Amino acid sequence: MNIGFIGLGNMGRPMAVNLARAGHTLTVYDVRTEAMQPLTAVGARQAASPKSLAQEVEVVFSSLPGPKEVEAVALGPEGLLAGVRSGLLYVDLSTNSPTVARRVAEAFAKKGASMLDAPVSGGSTGAASGQLTIMVGGDQGSFERARPLLEILGKNIVYLGPSGSGCIGKLCNNLVALSLVVLLGEAFTLGVKSQMSPKTLFDLVSQSSGDNHIMHVKFPKFLFEGNFQPGFAVDLAWKDVRLALDLAREIGIPMSVSSAALQRYEEARARGWGQQDVVAVIRLQEEQAGVQVRHSGA
Ligand code: NAD
(Lines give C-alpha, C1' and ligand atoms only; values in the text may rest on other atoms or scores of the structure.)
Protein backbone atom coordinates (compact mmCIF):
# COMPACT_ATOMS: atom_id res chain seq x y z
CA MET A 1 0.00 0.00 0.00
CA ASN A 2 1.15 3.59 -0.63
CA ILE A 3 1.51 5.18 2.80
CA GLY A 4 2.56 8.69 3.83
CA PHE A 5 4.38 9.41 7.10
CA ILE A 6 4.84 12.93 8.50
CA GLY A 7 7.00 13.67 11.55
CA LEU A 8 10.04 11.39 11.81
CA GLY A 9 11.27 12.13 15.33
CA ASN A 10 11.92 9.80 18.27
CA MET A 11 8.55 8.06 17.77
CA GLY A 12 7.74 8.62 14.10
CA ARG A 13 11.04 7.34 12.70
CA PRO A 14 10.86 3.81 14.18
CA MET A 15 7.13 3.55 13.37
CA ALA A 16 7.77 4.53 9.74
CA VAL A 17 10.63 2.02 9.56
CA ASN A 18 8.28 -0.75 10.75
CA LEU A 19 5.72 0.12 8.05
CA ALA A 20 8.48 0.02 5.39
CA ARG A 21 9.78 -3.31 6.76
CA ALA A 22 6.25 -4.73 6.48
CA GLY A 23 6.46 -4.13 2.71
CA HIS A 24 4.58 -0.83 2.33
CA THR A 25 5.74 1.93 -0.02
CA LEU A 26 6.44 5.07 1.99
CA THR A 27 6.43 8.75 1.14
CA VAL A 28 7.74 10.87 4.01
CA TYR A 29 7.79 14.49 5.11
CA ASP A 30 9.42 16.33 8.02
CA VAL A 31 10.35 20.01 8.42
CA ARG A 32 13.86 18.79 9.27
CA THR A 33 15.41 17.40 6.09
CA GLU A 34 17.88 15.29 8.09
CA ALA A 35 15.00 13.49 9.84
CA MET A 36 13.88 12.03 6.49
CA GLN A 37 17.31 10.61 5.64
CA PRO A 38 17.01 7.26 7.54
CA LEU A 39 13.79 6.57 5.59
CA THR A 40 14.94 7.74 2.18
CA ALA A 41 18.05 5.57 2.73
CA VAL A 42 15.77 2.51 2.76
CA GLY A 43 13.81 3.54 -0.33
CA ALA A 44 11.13 5.99 0.90
CA ARG A 45 10.20 8.90 -1.35
CA GLN A 46 10.51 12.42 0.05
CA ALA A 47 7.52 14.79 -0.37
CA ALA A 48 7.86 18.56 -0.70
CA SER A 49 4.87 19.25 1.60
CA PRO A 50 1.97 17.48 3.35
CA LYS A 51 -0.23 18.72 0.48
CA SER A 52 1.80 16.96 -2.21
CA LEU A 53 2.15 13.87 -0.01
CA ALA A 54 -1.67 13.65 0.32
CA GLN A 55 -1.96 13.54 -3.47
CA GLU A 56 0.24 10.40 -3.69
CA VAL A 57 -0.97 8.03 -0.96
CA GLU A 58 -4.01 6.10 0.36
CA VAL A 59 -3.25 6.43 4.06
CA VAL A 60 -1.27 9.13 5.91
CA PHE A 61 0.21 8.79 9.40
CA SER A 62 1.64 11.66 11.42
CA SER A 63 3.62 11.78 14.67
CA LEU A 64 4.03 15.46 15.57
CA PRO A 65 4.85 17.38 18.75
CA GLY A 66 1.33 18.68 19.49
CA PRO A 67 -1.84 20.56 18.46
CA LYS A 68 -0.08 23.48 16.76
CA GLU A 69 1.90 21.21 14.43
CA VAL A 70 -1.07 18.90 13.77
CA GLU A 71 -3.22 21.89 12.75
CA ALA A 72 -0.48 23.19 10.45
CA VAL A 73 0.11 19.79 8.83
CA ALA A 74 -3.59 18.96 8.48
CA LEU A 75 -5.23 22.32 7.76
CA GLY A 76 -2.43 24.76 6.84
CA PRO A 77 -2.03 26.30 3.36
CA GLU A 78 0.43 23.51 2.34
CA GLY A 79 -1.38 20.98 4.54
CA LEU A 80 -2.99 17.61 3.89
CA LEU A 81 -6.49 19.01 3.41
CA ALA A 82 -5.29 21.16 0.50
CA GLY A 83 -4.28 17.98 -1.36
CA VAL A 84 -6.88 15.57 0.00
CA ARG A 85 -8.79 13.18 -2.26
CA SER A 86 -12.06 11.50 -1.33
CA GLY A 87 -11.31 8.24 0.50
CA LEU A 88 -7.99 9.33 2.02
CA LEU A 89 -7.51 8.03 5.57
CA TYR A 90 -5.45 10.18 7.95
CA VAL A 91 -4.25 8.61 11.21
CA ASP A 92 -2.64 11.05 13.66
CA LEU A 93 -0.46 9.25 16.22
CA SER A 94 0.50 12.45 18.09
CA THR A 95 -0.66 13.27 21.61
CA ASN A 96 -3.04 16.02 20.61
CA SER A 97 -5.87 18.13 21.97
CA PRO A 98 -9.24 16.35 21.55
CA THR A 99 -10.77 19.65 20.39
CA VAL A 100 -8.21 19.99 17.59
CA ALA A 101 -8.63 16.30 16.66
CA ARG A 102 -12.41 16.79 16.29
CA ARG A 103 -11.94 19.96 14.22
CA VAL A 104 -9.54 18.18 11.82
CA ALA A 105 -11.83 15.12 11.58
CA GLU A 106 -14.80 17.34 10.67
CA ALA A 107 -12.81 19.18 7.98
CA PHE A 108 -11.69 15.85 6.46
CA ALA A 109 -15.23 14.40 6.57
CA LYS A 110 -16.50 17.40 4.53
CA LYS A 111 -14.09 16.36 1.74
CA GLY A 112 -15.12 12.66 1.85
CA ALA A 113 -11.92 11.71 3.71
CA SER A 114 -11.52 10.56 7.31
CA MET A 115 -9.26 11.19 10.26
CA LEU A 116 -8.56 9.05 13.33
CA ASP A 117 -6.87 10.34 16.48
CA ALA A 118 -4.60 7.47 17.54
CA PRO A 119 -2.04 8.48 20.17
CA VAL A 120 0.39 5.86 21.38
CA SER A 121 1.99 4.68 24.60
CA GLY A 122 5.20 2.69 25.01
CA GLY A 123 7.95 5.18 24.19
CA SER A 124 10.61 4.97 21.51
CA THR A 125 11.48 1.40 22.63
CA GLY A 126 7.89 0.27 22.09
CA ALA A 127 7.81 2.11 18.76
CA ALA A 128 10.96 0.29 17.60
CA SER A 129 9.74 -3.15 18.69
CA GLY A 130 6.17 -2.65 17.38
CA GLN A 131 4.82 -3.17 20.90
CA LEU A 132 2.92 0.11 21.38
CA THR A 133 -0.52 0.56 22.89
CA ILE A 134 -2.59 2.62 20.41
CA MET A 135 -5.73 4.47 21.61
CA VAL A 136 -8.09 5.26 18.77
CA GLY A 137 -10.93 7.75 18.34
CA GLY A 138 -13.01 8.30 15.20
CA ASP A 139 -15.59 6.46 13.15
CA GLN A 140 -15.52 2.71 13.53
CA GLY A 141 -15.41 1.95 9.78
CA SER A 142 -12.20 3.98 9.44
CA PHE A 143 -10.82 2.21 12.50
CA GLU A 144 -11.43 -1.20 10.89
CA ARG A 145 -9.69 0.06 7.74
CA ALA A 146 -6.68 1.27 9.75
CA ARG A 147 -6.46 -1.76 12.06
CA PRO A 148 -4.12 -3.98 9.91
CA LEU A 149 -1.64 -1.09 9.70
CA LEU A 150 -1.96 -0.23 13.39
CA GLU A 151 -1.20 -3.89 14.17
CA ILE A 152 2.22 -3.39 12.54
CA LEU A 153 2.92 -0.53 14.98
CA GLY A 154 1.45 -1.86 18.20
CA LYS A 155 0.37 -4.96 20.09
CA ASN A 156 -2.56 -3.45 22.00
CA ILE A 157 -4.95 -1.57 19.70
CA VAL A 158 -7.92 -0.08 21.57
CA TYR A 159 -10.94 1.56 19.95
CA LEU A 160 -12.29 4.15 22.42
CA GLY A 161 -15.18 5.84 20.57
CA PRO A 162 -15.88 8.95 18.48
CA SER A 163 -13.35 11.51 17.32
CA GLY A 164 -11.25 12.95 20.20
CA SER A 165 -11.63 9.81 22.38
CA GLY A 166 -8.10 8.56 21.63
CA CYS A 167 -6.65 11.88 22.81
CA ILE A 168 -8.77 11.87 25.97
CA GLY A 169 -7.63 8.33 26.85
CA LYS A 170 -4.00 9.23 26.24
CA LEU A 171 -4.13 12.47 28.26
CA CYS A 172 -5.66 10.63 31.25
CA ASN A 173 -2.90 8.01 31.06
CA ASN A 174 -0.12 10.58 30.81
CA LEU A 175 -1.50 12.64 33.66
CA VAL A 176 -0.99 9.62 35.94
CA ALA A 177 2.43 8.70 34.51
CA LEU A 178 3.84 12.25 34.51
CA SER A 179 2.56 13.07 38.00
CA LEU A 180 4.22 9.86 39.20
CA VAL A 181 7.60 11.13 37.94
CA VAL A 182 7.23 14.16 40.21
CA LEU A 183 6.10 12.00 43.14
CA LEU A 184 9.01 9.59 42.70
CA GLY A 185 11.35 12.57 43.04
CA GLU A 186 9.75 13.58 46.34
CA ALA A 187 9.70 10.03 47.75
CA PHE A 188 13.30 9.27 46.80
CA THR A 189 14.76 12.58 48.09
CA LEU A 190 12.89 11.93 51.34
CA GLY A 191 14.22 8.38 51.66
CA VAL A 192 17.79 9.09 50.55
CA LYS A 193 18.16 12.19 52.76
CA SER A 194 16.97 9.98 55.62
CA GLN A 195 20.01 7.72 54.97
CA MET A 196 18.35 5.00 52.87
CA SER A 197 20.25 3.81 49.79
CA PRO A 198 18.53 4.53 46.45
CA LYS A 199 18.82 0.83 45.48
CA THR A 200 17.29 -0.38 48.76
CA LEU A 201 14.39 2.06 48.36
CA PHE A 202 13.90 1.11 44.70
CA ASP A 203 13.73 -2.61 45.59
CA LEU A 204 11.41 -1.92 48.53
CA VAL A 205 8.86 0.14 46.55
CA SER A 206 9.08 -2.37 43.66
CA GLN A 207 7.81 -5.06 46.01
CA SER A 208 5.22 -2.92 47.79
CA SER A 209 2.00 -1.04 47.05
CA GLY A 210 3.86 1.98 45.60
CA ASP A 211 5.14 -0.12 42.67
CA ASN A 212 4.37 1.40 39.26
CA HIS A 213 5.26 1.06 35.59
CA ILE A 214 6.91 4.49 35.26
CA MET A 215 9.39 3.57 38.02
CA HIS A 216 10.58 0.59 35.98
CA VAL A 217 10.65 2.09 32.49
CA LYS A 218 11.88 5.63 33.15
CA PHE A 219 13.39 5.92 36.58
CA PRO A 220 16.30 3.39 36.58
CA LYS A 221 18.21 5.20 33.82
CA PHE A 222 18.14 8.34 35.97
CA LEU A 223 18.65 6.69 39.35
CA PHE A 224 21.34 4.17 38.48
CA GLU A 225 23.10 5.86 35.52
CA GLY A 226 22.50 9.59 36.14
CA ASN A 227 21.25 9.77 32.55
CA PHE A 228 18.49 12.17 31.46
CA GLN A 229 18.76 12.03 27.67
CA PRO A 230 15.32 11.70 26.03
CA GLY A 231 13.36 9.42 25.56
CA PHE A 232 10.40 11.58 26.26
CA ALA A 233 11.25 15.26 26.52
CA VAL A 234 10.16 17.66 29.31
CA ASP A 235 8.62 19.92 26.61
CA LEU A 236 6.30 17.08 25.51
CA ALA A 237 5.42 16.15 29.10
CA TRP A 238 4.56 19.80 29.85
CA LYS A 239 2.37 19.85 26.72
CA ASP A 240 0.51 16.69 27.80
CA VAL A 241 -0.19 17.80 31.39
CA ARG A 242 -1.29 21.21 30.10
CA LEU A 243 -3.64 19.63 27.52
CA ALA A 244 -5.17 17.46 30.26
CA LEU A 245 -5.68 20.53 32.48
CA ASP A 246 -7.16 22.49 29.54
CA LEU A 247 -9.69 19.70 29.10
CA ALA A 248 -10.46 19.70 32.83
CA ARG A 249 -11.05 23.45 32.71
CA GLU A 250 -13.32 23.06 29.67
CA ILE A 251 -15.53 20.56 31.48
CA GLY A 252 -15.20 22.23 34.89
CA ILE A 253 -13.45 19.78 37.22
CA PRO A 254 -10.78 20.52 39.86
CA MET A 255 -7.25 19.11 39.34
CA SER A 256 -5.11 20.22 42.29
CA VAL A 257 -2.39 17.51 42.28
CA SER A 258 -1.98 17.63 38.49
CA SER A 259 -1.73 21.44 38.65
CA ALA A 260 1.18 21.08 41.09
CA ALA A 261 2.83 18.57 38.73
CA LEU A 262 2.44 21.05 35.84
CA GLN A 263 4.36 23.66 37.85
CA ARG A 264 7.34 21.29 38.11
CA TYR A 265 7.40 20.84 34.32
CA GLU A 266 7.05 24.64 33.87
CA GLU A 267 10.02 25.15 36.18
CA ALA A 268 12.16 22.56 34.35
CA ARG A 269 11.42 24.29 31.04
CA ALA A 270 12.31 27.66 32.55
CA ARG A 271 15.70 26.17 33.51
CA GLY A 272 16.30 25.33 29.84
CA TRP A 273 15.77 21.58 30.38
CA GLY A 274 12.91 21.25 27.87
CA GLN A 275 14.86 18.83 25.67
CA GLN A 276 15.99 16.61 28.55
CA ASP A 277 14.07 13.48 29.53
CA VAL A 278 11.05 13.95 31.85
CA VAL A 279 13.09 12.62 34.78
CA ALA A 280 14.93 15.98 34.69
CA VAL A 281 12.09 17.35 36.89
CA ILE A 282 13.58 15.25 39.70
CA ARG A 283 16.74 17.37 39.49
CA LEU A 284 14.67 20.32 40.76
CA GLN A 285 13.55 18.30 43.74
CA GLU A 286 17.14 17.16 44.39
CA GLU A 287 18.28 20.80 44.46
CA GLN A 288 15.49 21.95 46.76
CA ALA A 289 15.87 18.95 49.08
CA GLY A 290 19.66 19.34 49.15
CA VAL A 291 20.30 15.71 48.28
CA GLN A 292 21.24 13.82 45.13
CA VAL A 293 19.41 10.54 44.61
CA ARG A 294 20.76 9.77 41.13
CA HIS A 295 24.08 8.11 40.39
CA SER A 296 26.68 10.83 39.93
CA GLY A 297 27.51 9.61 36.38
CA ALA A 298 25.93 12.75 34.86
P1 NAD B 1 9.97 14.57 18.35
O2 NAD B 1 10.08 16.00 18.66
O3 NAD B 1 11.16 13.68 18.49
O4 NAD B 1 9.44 14.39 16.82
C5 NAD B 1 8.52 15.25 16.21
C6 NAD B 1 8.91 15.35 14.73
O7 NAD B 1 7.94 16.19 14.06
C8 NAD B 1 10.28 16.02 14.50
O9 NAD B 1 11.05 15.23 13.63
C10 NAD B 1 9.94 17.38 13.91
O11 NAD B 1 10.94 17.86 13.02
C12 NAD B 1 8.64 17.07 13.18
N13 NAD B 1 7.81 18.23 12.92
C14 NAD B 1 7.53 19.27 13.76
N15 NAD B 1 6.70 20.14 13.17
C16 NAD B 1 6.46 19.66 11.93
C17 NAD B 1 5.67 20.11 10.83
N18 NAD B 1 4.97 21.24 10.90
N19 NAD B 1 5.66 19.36 9.71
C20 NAD B 1 6.39 18.21 9.63
N21 NAD B 1 7.14 17.72 10.64
C22 NAD B 1 7.17 18.44 11.76
O23 NAD B 1 8.76 14.03 19.21
P24 NAD B 1 8.44 12.50 19.59
O25 NAD B 1 9.07 12.17 20.89
O26 NAD B 1 8.70 11.64 18.39
O27 NAD B 1 6.86 12.61 19.87
C28 NAD B 1 5.92 12.67 18.80
C29 NAD B 1 4.52 12.59 19.41
O30 NAD B 1 4.36 11.33 20.11
C31 NAD B 1 4.24 13.71 20.44
O32 NAD B 1 2.90 14.13 20.30
C33 NAD B 1 4.47 13.01 21.76
O34 NAD B 1 3.75 13.64 22.81
C35 NAD B 1 4.00 11.61 21.47
N36 NAD B 1 4.61 10.55 22.28
C37 NAD B 1 5.96 10.55 22.53
C38 NAD B 1 6.52 9.51 23.29
C39 NAD B 1 8.02 9.45 23.58
O40 NAD B 1 8.41 8.65 24.43
N41 NAD B 1 8.85 10.23 22.91
C42 NAD B 1 5.70 8.49 23.78
C43 NAD B 1 4.35 8.50 23.46
C44 NAD B 1 3.81 9.54 22.72
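Notes on the structure in this doc start here. (Residues numbered from 1 in each chain as written. Predicted model: local features only at pLDDT ≥ 70, side-chain atom pairs only at ≥ 80, totals over all residues. Heavy atoms only, no water.)

### Looking at the packing of aromatic side chains
And step 1. Evaluated as defined, the whole model comprises seven aromatic pairs.
And step 2. Centroid distance F143 to Y159: 5.1 Å. Interplanar angle 35°. Geometry classified as tilted. With F143 in helix α8 (residues 140–153) and Y159 in strand β9 (residues 154–161), this pair connects stretches of sequence that are 16 residues apart.
And step 3. On the basis of relative accessibility, which here comes to 25%, the residue Y159 falls in the partly exposed class.
And step 4. An aromatic cluster is present here, built from F188, F219, F222 and F228 joined pairwise through their rings.
And step 5. One cation-aromatic arrangement involves R242 over W238; the distance from NZ or CZ to the ring centre is 4.2 Å. (Phe/Tyr/Trp six-rings, centres within 6.5 Å; stacked < 30°, edge-to-face > 60°. Helix = DSSP H or I, 4+ residues; strand = E, 2+ residues; numbered from the N terminus. Buried < 20%, exposed > 50% of the residue type's maximum accessible area, 1.4 Å probe, protein only. Lys NZ or Arg CZ within 6 Å of the ring centre and 35° of its normal.)

### Regarding unusual backbone geometry
And step 1. Of the consecutive residues P230 and G231, the connecting peptide bond is found in the cis state with omega at 10°.
And step 2. Structurally, G231 can be placed in the loop between α12 (219–225) and α13 (234–251).
And step 3. The backbone of Q195 sits at a positive phi, close to 80°, despite the residue not being glycine.
And step 4. Tracing the chain through its elements places Q195 in the loop between α9 (165–193) and α10 (198–206).

### Focus on the nonpolar core
What tends to happen in soluble globular proteins is that the nonpolar side chains get buried as a cluster.
And step 1. By size, the foremost hydrophobic cluster in this structure holds 38 residues, and its most contacted members are F188, F219, Y265 and I282.
And step 2. Listing elements by their share of this core, those giving two or more residues are α9, α10, α11 (213–217), α12, α13, α14 (256–270) and α15 (281–289).
And step 3. Filtering out sequence-adjacent residues up to four positions away, F219 remains in contact with L184, F188, F202, I214 and I282.
And step 4. L116, L132, F143 and L149 belong to the second-largest nonpolar core, a separate cluster that totals 31 residues. (Core = buried A, V, L, I, M, F, W, Y, C linked by side-chain atoms within 4.5 Å. Contact = heavy atoms within 4.5 Å.)

### Describing the site of the ligand
And step 1. Among the 24 residues in the neighbourhood of the ligand, the closest are listed as M11, D30, R32, L64 and K239.
And step 2. A distance of 2.8 Å is found between an oxygen atom of the ligand and a side-chain nitrogen or oxygen belonging to R32.
And step 3. Compared with its free state, where it exposes 830 Å², the ligand has 87% of that area covered by protein.
And step 4. Mapped by element, the contributors of at least two residues to the shell around the ligand are α4 (67–75) and α13.
And step 5. Of the residues contributing to the shell around the ligand, the split by class is eleven nonpolar, eight polar and five charged. (Near = heavy atom within 4 Å. Polar contact = N/O pair within 3.5 Å; in protein donor to acceptor, adjacent residues only side chain to side chain. Areas by Shrake-Rupley, 256 points an atom, 1.4 Å probe, with all protein chains shown as cover. Nonpolar A, V, L, I, M, F, W, Y, C, P; charged D, E, K, R; others polar.)

### Things to note about the packing of α9 against α10
And step 1. With their axes 9 Å apart at the nearest point, α9 and α10 run at an angle of 130° to one another. Taken as axis vectors, α9 and α10 run oblique relative to one another. When the axes of α9 and α10 are compared, the crossing they make is right-handed. Side by side, α9 and α10 meet where A187, F188, G191 and V192 of the first sit next to P198, L201 and F202 of the second.
And step 2. Among the residues forming the contact of α9 with α10, the class breakdown is six nonpolar, one polar and no charged. (Axes fitted to C-alpha atoms, helices over the stretch in contact; angles between N-to-C directions. Parallel < 35°, antiparallel > 145°, perpendicular 65-115°, else oblique. Left-handed = near helix turned anticlockwise from the far one by under 90°.)

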